Amino acid sequence: MNTVLPAPLIEAASLSISFNGSAVLSSVDFDVAAGEIHALVGENGAGKSSLMKMLGGLYRPDSGTIRVRGVPTRLANVNDAIDAGIAIIHQELNLVDTLSAVDNIFLGKELRTRLGFPDRRAMRAAARGVLDQLGFRADPETLVGTLRVGEKQLVEIAKSLVADAKVLIMDEPTSALSDAETHALLTLTRRLRERGMGIVLISHRLSEVFAVADRVTVLRDGRRILTLPLAQIESSTALVSMMIGKDFVPPERGAEEAPHMRDTSVDVRNLTLRGAARALVRDVSFSVLEGEVFGLSGLLGAGKTEVLEAIYGISAYTREGSIVVAGQHRSFRSPDEAAAAGLAFVTEDRKKDGLVLDQSLEANFVLPSLPRVPGFPFYWRRRLHGWVAEQARASRVKHRSLTQSANSLSGGNQQKLIIGKWLMTNPRILLLDEPTRGVDVAAKAEIYRQILGAARAGVTVLIASSEIDELTLLCDRILVLCEGRAKDILRRSDFSGEVLIRLASP
């Protein structure tokens, strides 16, 4: 007797969509079954998010069909998708900064008492229960606008989990999370699979794909290349090669890439940063040499970002202690002062703080360097254009024209643009906050080569990252922070994921 397999929870057949005459997806098939984690991978711009937005009711396909539990379904908007049991955790956060975490989680689906009033106590308890599973340590009543990007991402995840969804689409859910928070989320994902939920996982962190996925689909240039059980993929390197359509050579840091150590470039002594209620960073000291890549590791809220902001002079907190840059005590009052002293800062949130999205690539590339352009404000347009074009090639930013808007680039190319524009300033010190967040593996490798190349040229690099593999590949030493305090500074010979996680944990 033949066994009849159940219909997929959701199934896309021959989906196609174009924007401004350019095909983004061409005849793509995809499905996810109950009790399955189906990974969707590809380079930035391959069409992954567009496919998920069609399944989530945000985009309407130009052609093709969508079936939910075997029934042809028209998902005209987000509410249609929610009614069909489909929830999405978006890569680009969709939260209201002026509302609390609890209010964001239950926005539009508030729990109510028998009399019809919002049941604040029940919502808070439910929110706390989900957030605790994700390792969220802040008060659920905290305004979302005051949270860090990683904390906001946990709220976005919780927002989807409280919905009674049968299909959960996770678009880069761990891009701003540390390894510990990522582990908590993946553990929860496995539990949801055991409950019969169908999960779509989009992630550039291929270790996560190999850790939890049952099947994997590869998209390239808007087309489905293959769908296979994950057990048939021999390695992450082989999977990346499928994604880019050629053999992938992962970046390595050999002995020949060790930077030439020179004088002390940055010296931080007894740094304490106080907020209104408590100290976020307490008595942190370290020094960084010229040409060194120095890492900052720790869980969300450990103080990594705050340390970089204090060095650059944009901290919102009261500062105690000293910061010496190139032998001089510094207390920068603005980014202009820091940039004039040879510092460059690649911020965590590229869309909010790193780019002028509606301006051209050329404008974004040259903006930090304009005061250094010979003859500014009078200059040769053609010469400037050539200068920018050279940097775009060196940064390997994939683009049609330097006149296209920064918003039209994929996330990986936006990040390469940001790092490239700061390298154009010939900085002495490069501060990097989550430099590869939401970036595909191939683009990540190119960014790593940029960072190591800058260090070899004598640039001092400080990098705050939630990715242990990233830190252990790039850094000469790593400072581990725990709840705002320095736990230890590790040298390369002492690097290990186990040690970093242990030191970062309270």
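About the cut-offs
- Residues numbered from 1 in each chain as written.
- Predicted model: local features only at pLDDT ≥ 70, side-chain atom pairs only at ≥ 80, totals over all residues.
- Heavy atoms only, no water.
- Helix = DSSP H or I, 4+ residues; strand = E, 2+ residues; numbered from the N terminus.
- Expected span 1.5 Å × (residues − 1).
- Buried < 20%, exposed > 50% of the residue type's maximum accessible area, 1.4 Å probe, protein only.
- Arc of directions from axis to C-beta.
- Contact = heavy atoms within 4.5 Å.
- Pairing = 2+ DSSP bridges.
- 1 Å grid on protein atoms, 1.4 Å probe; cavity = no way out; pocket = protein on both sides within 12 Å on 5 of 7 lines; lining within 4 Å.
- Points joined across faces, edges and corners; volume = space filled by probe spheres on them.
- Nonpolar A, V, L, I, M, F, W, Y, C, P; charged D, E, K, R; others polar.
- UniProt positions renumbered as here; feature names shortened; annotations may be inferred.

A. Spotlight on helix α6 (residues 179–194). Its 16 residues place the ends of α6 23 Å apart at the C-alpha level, agreeing with the 22 Å of an ideal helix rising 1.5 Å per residue. Considered for burial, the residues of α6 that qualify are Glu181, Thr182, Leu185, Leu186, Leu188, Thr189, Leu192 and Arg193. Projected down its long axis, α6 shows its buried positions confined to an angular sector of 160 degrees, all on one face. Facing away from the buried surface of α6 by more than 90 degrees, the exposed residues are His183 and Glu194. Those residues of α6 that are buried are in contact with β3 (36–41), α4 (120–133), α5 (149–161), β7 (167–171), β8 (198–202) and α7 (206–212). Phi turns positive, to about 95 degrees, at Gly196, one or two residues after α6.

B. Representation of the pairing of strand β1 (residues 10–19). The sheet contact formed by β1 and strand β4 (residues 63–68) spans five bridges and is antiparallel. Residue pairing across strands places Ala13 opposite Thr65, the latter belonging to β4. Two strands pair when backbone bridges link them, and β1 and strand β2 (residues 22–32) are joined in this way by seven bridges, in the antiparallel orientation. Across the sheet, residue Leu15 finds its bridge partner in β2, namely Val28. Between the end of β1 and the start of β2, which pair antiparallel, lie two residues, with Asn20 showing a positive phi angle near 50 degrees.

C. Local environment of helix α1 (residues 48–55). In terms of burial, α1 is largely enclosed, as six of its eight residues are buried. Buried within α1 are the following residues: Lys48, Ser50, Leu51, Met52, Met54 and Leu55. Two residues or fewer after α1 comes Gly57, characterised by a positive phi angle close to 85 degrees.

D. Spatial organisation of the layout of surface pockets. Space inside the second largest pocket adds up to approximately 1,400 Å³. The wall of the second largest pocket is formed by 49 residues, among which Thr146, Leu147, Arg148, Val149 and Glu151 lie closest to the centre. Of all elements in the fold, only α5, β12 (279–289), α9 (304–312) and α11 (350–354) reach the threshold of two or more residues within the lining of the second largest pocket. Among the residues making up the lining of the second largest pocket, the classes are represented as 17 nonpolar, 12 polar and 20 charged.

E. Just the UniProt feature "domain: ABC transporter" (unreviewed entry) in the chain, in detail. Mapped onto this numbering, the UniProt entry gives "domain: ABC transporter" (unreviewed entry) at residues 10–246 and 266–503. Between the C-alpha atoms that bound residues 10–246 the distance is 31 Å, and the span itself is 33% helix and 26% strand.

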